[in-house]
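This is what each chain is made of:
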Amino acid sequence: MHEPRPQADDSDGVINAPWEKTFSKFLTPFEEFVHRQTTSGLLLMAMAVLALVLANSGWAEAYRHMVHMPVGLAVGSWAIEKTLHHWVNDGLMALFFFLVGLELKREILVGELAAPRQAALPIVAALGGMAAPALIFLAFNPGGEAARGWGIPMATDIAFAIGALVLLAGRVPKALITFLVALAIVDDLGAVVVIALFYTDQLVLEALLLGAAILAMLVVLNLAGIRQPLPYFLLGGLLWLALLKSGVHATLAGVLTAFTIPARPKYDPGRFSMQVKELMKRFDASHRPGESILTNDDLRATVQTLENGIHKVEAPLQRLEHAMHMPVAFLIIPVFALINAGIPIDFAGLAATLAHPVTLGVGLGLVVGKFVGIAGASWLALRLGIGQLPAGTRFSQIAGVALLGGIGFTMAIFIADLGFVAEPEFLLMAKTGVLFGSLLAGVGGYTWLRLVSGR
């Protein structure tokens, strides 16, 4: 099998395959984050549409069989068996929450949430955007089992929301995108707290104590300066098993593990700079024109040492966040959408479904509650001098972001599954409300911002 012939550029000694130039553009970490979230949002939308088509076609029975197919894991006498739906929601989503935890820790340490004056407005806006939707839901569902769904419309889907806003990148300032990212990350933290406190089953004390002991071991690894990711992943997996048995939702193991990942690199920039200079001298001394690096042991060893140094000047937190974005954005979240978004739609009874209190509570919570909560809390914070508008933005644009905050797909469906696990009718209504509410919020927010923002 022959490899594609690369195209050499003799002017600078660079060898490029035809497709590699596409990837040569330099992106800042924030630009790379936004780009991946936007692409993830498009893929997420495609998987959601596919799930809806499968659930409302001749393949519906095969789709339901796939979702509820039992999948087991056994090691000796120990065994665990769950449906594919549970493995995705309890297992794969733990990695999603791990990434959420890494993003939260970075934002708190050095990001938009690090400076109190800068963080005040998105924090207040996020709190308002969580409270108002919950109150609207409870107004429609004040009691009974339906009231357990109050947390569903509280969450913002960061991938969908950023994807919608990036479509207007030529019309809105970059600071507005930064504001939405900070707001959505605080929103994610709020959702994690809500899941931990209010969507937890009966607690098993022994498993909970075991989880606490494992978490303490993770903290010890951090304090001891262990920067290799493998020990954290191994203990994080044990923490996941302990929480799975404890009654606390197992995905929280992802957030807790992420918060113990070291944020300080082994080398400071000065030390790294000195090492690179010494290695480049060694590289130049070892280089022999016309000889391949494959046959030059000294050159290959120098490059390997340089790679090791690059890893040591990066904080493990930064390196893992970068590594996790790809599998989470392009595998885990799309699989979650495929498994969870397939709701059967009875078109003959659609009017009755949309008029159901759970559907109305979720849908209006996302569209009206998010808008009123985010925009209202932002206006109040600005009037009281608590926060300041992002550079180059107007309050009318904040109001547009408030509408986009009503796109609550991933986390909203996740909480719906937790709240209505024993109420399939309410779960169907909640997912319908999430889909219709998120669609209205996305279209409304995009249209609003397009109208109020110049080119």
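Being a predicted model, the structure only gives us computed values, none of them experimental.

Undergrad: What exactly am I supposed to notice about the environment of Ala-94 here?
TA: With respect to the secondary-structure elements, Ala-94 resides in helix H3 (residues 84-110). Sequence separation between Ala-94 and Ala-46 is 48 residues; the distance between their C-alpha atoms is 22 Å. The contacts of Ala-94, once residues within four sequence positions are left out, are Trp-240, Thr-251 and Gly-254.

Undergrad: Whenever I open this one, the confidence of the model for the protein chain confuses me. Can you help?
TA: Low-pLDDT stretches of the model should not have their predicted coordinates read in fine detail. Per-residue confidence for the protein chain gives a mean pLDDT of 84; residues scoring 70 or more make up 90%. Note on residues 17-27: pLDDT is under 50 here. Beyond four places in sequence and across chains, it has six contacts.

Undergrad: Honestly, the side chain of Asp-187 in this entry has me stumped. Any pointers?
TA: Assignment of secondary structure puts Asp-187 in helix H6 (residues 174-198). On the basis of relative accessibility, which here comes to 1%, the residue Asp-187 falls in the buried class. There is a polar contact of 3.1 Å between the side chain of Asp-187 and the backbone nitrogen of Thr-156. Each residue touching Asp-187, except ones within four places of it in the same chain, is listed here: Ala-126, Met-130, Met-154, Ala-155, Thr-156 and Lys-370.

Undergrad: Explain the nonpolar core to me, please; I cannot follow it from the model alone.
TA: It is characteristic of soluble globular proteins that their nonpolar side chains tend to be buried jointly. Of all hydrophobic cores here, the largest spans 111 residues; its most connected members are Phe-96, Phe-97, Ile-152, Val-358 and Phe-409. Ranked by the residues each element gives to this core, the list is headed by H6, at 14 residues. Residues within four places of Phe-96 in sequence aside, it is in contact with Val-328, Ile-332, Ile-333 and Met-411.

Undergrad: What exactly am I supposed to notice about the layout of surface pockets here?
TA: The gaps left among the atoms become clear once a water-sized probe is rolled over them. The calculated volume of the largest pocket comes to roughly 850 Å³. Residue lining of the largest pocket: 36 residues in total, with His-85, His-86, Asp-417, Val-421 and Leu-427 positioned closest to the centre. For the lining of the largest pocket, the elements supplying multiple residues, two or more each, are helix H2 (60-67), strand S4 (78-83), H3, helix H8 (229-246), helix H12 (316-340), helix H16 (409-419) and helix H17 (424-452). Split by residue class, the lining of the largest pocket holds 19 nonpolar, ten polar and seven charged. As a volume, the second largest pocket reaches approximately 570 Å³. Secondary structure elements with two or more residues in the lining of the second largest pocket: helix H1 (29-55), helix H5 (158-166) and H17. Looking at the lining of the second largest pocket residue by residue, the class counts come to 18 nonpolar, four polar and no charged.

Calculation criteria
Residues numbered from 1 in each chain as written. Predicted model: local features only at pLDDT ≥ 70, side-chain atom pairs only at ≥ 80, totals over all residues. Heavy atoms only, no water. Helix = DSSP H or I, 4+ residues; strand = E, 2+ residues; numbered from the N terminus. Contact = heavy atoms within 4.5 Å. pLDDT = per-residue confidence, 0-100. Buried < 20%, exposed > 50% of the residue type's maximum accessible area, 1.4 Å probe, protein only. Polar contact = N/O pair within 3.5 Å; in protein donor to acceptor, adjacent residues only side chain to side chain. Core = buried A, V, L, I, M, F, W, Y, C linked by side-chain atoms within 4.5 Å. 1 Å grid on protein atoms, 1.4 Å probe; cavity = no way out; pocket = protein on both sides within 12 Å on 5 of 7 lines; lining within 4 Å. Points joined across faces, edges and corners; volume = space filled by probe spheres on them. Nonpolar A, V, L, I, M, F, W, Y, C, P; charged D, E, K, R; others polar.

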